[in-house]
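# Chains, contacts and geometry: an overview
The lines below spell out each chain.
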Amino acid sequence: MQTSFTDAQLQDPGTQRANEILRTCVHCGFCTATCPTYQVLGDELDSPRGRIYLIKDMLENERVPDEKTVKHIDRCLSCLACMTTCPSGVHYMHLVDHARAYIDKHYKRPFGDRALRWILARILPYPTRFRLALLGAKIARPFRGLMPDPRLRAMLEMAPKVIPPVSRNDDPQSFAPEGRQVKRVALMTGCAQKALNTDINDATIRLLRRLGCEVVVADGAGCCGALTHHMGREDESHATAAKNIRAWMAEKNGKGLDAIVINTSGCGTTVKDYGHMFRNDALAQDAATVSNLAMDISELLMQLEMPEGEDKGLTVAYHAACSLQHGQQIKTHPKTLLKRAGFRVVEPADSHLCCGSAGTYNLLQPEISAQLKARKLRTLEAKNPDIISAGNIGCMIQIGSGTEIPIVHTVELLDWATGGPQPPALTAERSRPSVPILR
């Protein structure tokens, strides 16, 4: 694709990177075949190719974004299926991230939209605030039909039936390995996950200790910044990410780290991109080091000596989170590990398509999200599994809210198969919290 940016425009690092990406696009349209929003809406402007044209026009002309452009950029899931499909290697993620940041700086959204995004940015990355919000949503849930805005209804419907108690395992500390130490790793405990499902981090710590890892929860680490990053709020996301970089580098420069392990694939995609996000910052070298250390839990487990398990007699439908299969290009590790542990693994049709969660997408674009969710549920339930497994908390909440089939994180099943407790989600009825749900 030809571009016509001026030399002055190319002095901006974001525009320079956008120019590089735009020039790799050859208009082939392969991306439209795997774009979920194009499949649902059938509008060229809701495909990667259409959005690329809109972004190019907006950036080259340095124009104030119009409502049409913003609408179609907002409808993008950032599932990155287009990047898996593209034969030319167009790095759509960096392009749409820059477009969102440009829109955030130059477009004045309607008041309701601004207010909702402000609320999400001030609540979701902070576990205690999020827990309070979930409590409020749980109380208001019976009245969701009275809400005039479908986005507010979606927020109330997101509240789980049970809000788990705080896990003290998420506090800064170090967990010694069981037996001989083979690695020292930092666990990213995240933000929303600590409010929605504490079983995942607990299972991760147990499993890694069993396999010979010292597991460190670094003091000062928290939200990866993805939630605000994908809303275009660059300053906020970079400030959050910088805290993580400093916290993990303190561990790296202290007793050392072999890996930074991440069990929420949406976070993993972002942390692995810290090197790019901070490429022109004083933290550039440290950010690149952190990105190189970052690993999805399945990547780390493939390096460890996880024992083979006996046949469990259970069929697991594996849901491939977009951020894992497209964002990180990790496609086989979770399935290999589950099979090794003794589970029968099946995959739904069109496994490359998004479930509609996509960070805050199911809250900001509930209608499109609901269509994608219904499609994903049909394909998963068609496999008649005993359990659904996924590697991302957002997908788990999205899918779990629409099916009676229990859904658990892959690491919970692997922990169970190697001597850990049965995942609470698989019990007949989860026990009510007996400890405080707020710090």
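Residues numbered from 1 in each chain as written. Predicted model: local features only at pLDDT ≥ 70, side-chain atom pairs only at ≥ 80, totals over all residues. Heavy atoms only, no water.

Further remarks concern the overall build of the chain. Along the backbone of the chain there are 23 helices and nine strands. Rg of the C-alpha trace for the chain: 21 Å, near the compact-globule value of 22 Å for 439 residues, within the 12% margin. C-alpha atoms of the chain, sized along the principal axes, occupy 60 × 50 × 40 Å. Relative to its 439 residues, the chain shows a buried fraction of 56%. Taking as baseline every contact in the chain between residues at least 6 positions apart, the subset at least 24 positions apart corresponds to 73%. For the chain, the accessible surface area stands at approximately 18700 Å², while carbon and sulfur atoms represent 50% of it. (Helix = DSSP H or I, 4+ residues; strand = E, 2+ residues; numbered from the N terminus. Rg over C-alpha atoms; globule rule 2.2 N^0.38 Å. Buried < 20%, exposed > 50% of the residue type's maximum accessible area, 1.4 Å probe, protein only. Contact = heavy atoms within 4.5 Å. Areas by Shrake-Rupley, 256 points an atom, 1.4 Å probe, with all protein chains shown as cover.)

All right, on to the sheet that holds strand E2 (residues 183–188) then. Read across the open sheet, the five strands follow the order E1-E3-E2-E4-E5; overall the sheet is mixed. Across the chains shown, the open sheet's two edge strands, defined by having one partner strand only, are strand E1 (173–175) and strand E5 (294–296). Averaged over all adjacent pairs, the angle separating strand axes in this sheet is 30 degrees, with direction ignored. Looking at chain direction, E1 and strand E3 (residues 213–217) are connected through three bridges and run antiparallel. Paired with Gln 173 across the bridge in E3 is Val 217. Seen against the sheet, helix H16 (residues 284–293) touches strand E4 (259–262) and E5 and runs at an angle of roughly 25 degrees to E5. (Pairing = 2+ DSSP bridges. Axes fitted to C-alpha atoms, helices over the stretch in contact; angles between N-to-C directions.)

As enumerated under the stated definition, the model contains six cavities of 30 Å³ or more in all. In this structure, the second largest cavity encloses a volume near 130 Å³. Forming the walls of the second largest cavity are 16 residues, and the residues nearest its centre are Cys 25, Cys 31, Ile 52, Cys 86 and Val 90. Only helix H3 (48–60) and helix H5 (81–85) provide two or more residues apiece to the lining of the second largest cavity. Per-element accounting of the lining of the second largest cavity gives the leading share, three residues, to H3. Grouping the constituent residues of the lining of the second largest cavity by class yields twelve nonpolar, three polar and one charged. (1 Å grid on protein atoms, 1.4 Å probe; cavity = no way out; pocket = protein on both sides within 12 Å on 5 of 7 lines; lining within 4 Å. Points joined across faces, edges and corners; volume = space filled by probe spheres on them. Nonpolar A, V, L, I, M, F, W, Y, C, P; charged D, E, K, R; others polar.)

What follows is about the packing of aromatic side chains. The description of an aromatic ring pair uses the distance of the two centres, along with the angle that the planes make with each other. Applying the stated criterion across every chain, the model contains two aromatic pairs. Ring geometry for Tyr 274 versus Phe 278: centroids 6.2 Å apart, planes at 75 degrees, classification edge-to-face. Accessibility expressed as a relative area gives 3% for Phe 278, which makes it buried. Centre to centre, the rings of Phe 343 and Trp 416 are 6.4 Å apart; their planes meet at 40 degrees, and the pair counts as tilted. Pair noted here: Phe 343 is in the loop between helix H19 (333–341) and strand E7 (344–346) and Trp 416 is in helix H23 (residues 410–417), with a separation of 73 residues, a long-range link. On the basis of relative accessible area, Trp 416 is assigned to the partly exposed category, the value being 27%. (Phe/Tyr/Trp six-rings, centres within 6.5 Å; stacked < 30°, edge-to-face > 60°.)

Taken in spatial order, the four strands line up as E7-E6-E8-E9 in an open sheet, and their pairing is parallel. The open sheet is flanked by E7 and strand E9 (407–409), the only strands paired with a single partner. This sheet shows a mean twist of 35 degrees between the axes of neighbouring strands, independent of strand direction. Of the pairings in the sheet, the one linking strand E8 (residues 387–390) to E9 comprises three bridges and is parallel in character. Residue pairing for E9: Ile 388 is matched across the bridge by Ile 407. Sitting on the sheet, H23 is in contact with strand E6 (315–318), E8 and E9, with an inclination near 80 degrees to E9.

The pLDDT averaged across the chain works out to 94; a share of 97% of its residues lies at or above 70. The low-confidence segment residues 429–439, where pLDDT is below 50, has 26 contacts with residues more than four positions distant or belonging to other chains. (pLDDT = per-residue confidence, 0-100.)

Mapped onto the fold, Thr 360 is located in the loop between E7 and helix H20 (361–364). Thr 360 has contacts with Leu 120, Leu 124, Leu 227 and Met 231, leaving out every residue within four places of it along the chain.

Computed from the structure, the largest pocket encloses a volume of approximately 1200 Å³. Taken together, 36 residues make up the lining of the largest pocket; nearest its centre are Pro 160, Lys 161, Ile 397, Gly 400 and Ser 401. Elements with a minimum of two residues in the lining of the largest pocket: helix H9 (150–158), H20, helix H21 (366–381) and helix H22 (393–400). Taken together, the residues of the lining of the largest pocket break down into 18 nonpolar, eight polar and ten charged.

The next point concerns the packing of helix H11 (residues 199–210) against H23. A pair of packed helices can be characterised by two numbers: the angle between their axes and the separation between those axes. Where H11 meets H23, the closest approach of the two axes is 8 Å, and the angle between their N-to-C directions is 45 degrees. As the angle between them shows, H11 and H23 are arranged oblique. Read as a crossing pair, H11 and H23 show a hand that is left-handed. Contacts from Asp 199, Ile 200, Ala 203, Thr 204, Arg 206, Leu 207 and Arg 210 in H11 reach Val 411, Glu 412, Leu 414 and Asp 415 in H23. (Parallel < 35°, antiparallel > 145°, perpendicular 65-115°, else oblique. Left-handed = near helix turned anticlockwise from the far one by under 90°.)

Attention shifts here to the environment of Arg 17. Looking at the secondary structure, you find Arg 17 in helix H1 (residues 13–22). Residue class for Arg 17 comes out partly exposed when judged on its relative accessible area of 22%. Along the chain, Arg 17 and Ile 200 lie 183 residues apart, while their C-alpha atoms are 36 Å from each other. Sequence-distant contacts of Arg 17, that is, excluding residues within four places in its chain, are made with His 91, His 94, His 276 and Arg 279.

Here helix H13 (residues 234–253) contains 20 residues, and its C-alpha end-to-end distance of 27 Å stays within 8% of the 28 Å for a straight helix at 1.5 Å per residue. Of all the residues in H13, the buried ones are Ser 237, His 238, Thr 240, Ala 241, Ala 242, Asn 244, Ile 245, Ala 247, Trp 248, Met 249 and Glu 251. (Expected span 1.5 Å × (residues − 1).)

At their nearest, the axes of H1 and helix H6 (residues 92–106) sit 9 Å apart, and the two run at 140 degrees to each other. With respect to H6, the element H1 is oriented oblique. In the packing of H1 onto H6, the handedness of the crossing is left-handed. Counting all contacts with H1, which are made through Gly 14, Thr 15, Arg 17, Ala 18, Ile 21 and Leu 22, the residues of H6 involved are His 94, Leu 95 and His 98. Broken down by class, the residue content of the contact of H1 with H6 amounts to four nonpolar, four polar and one charged.

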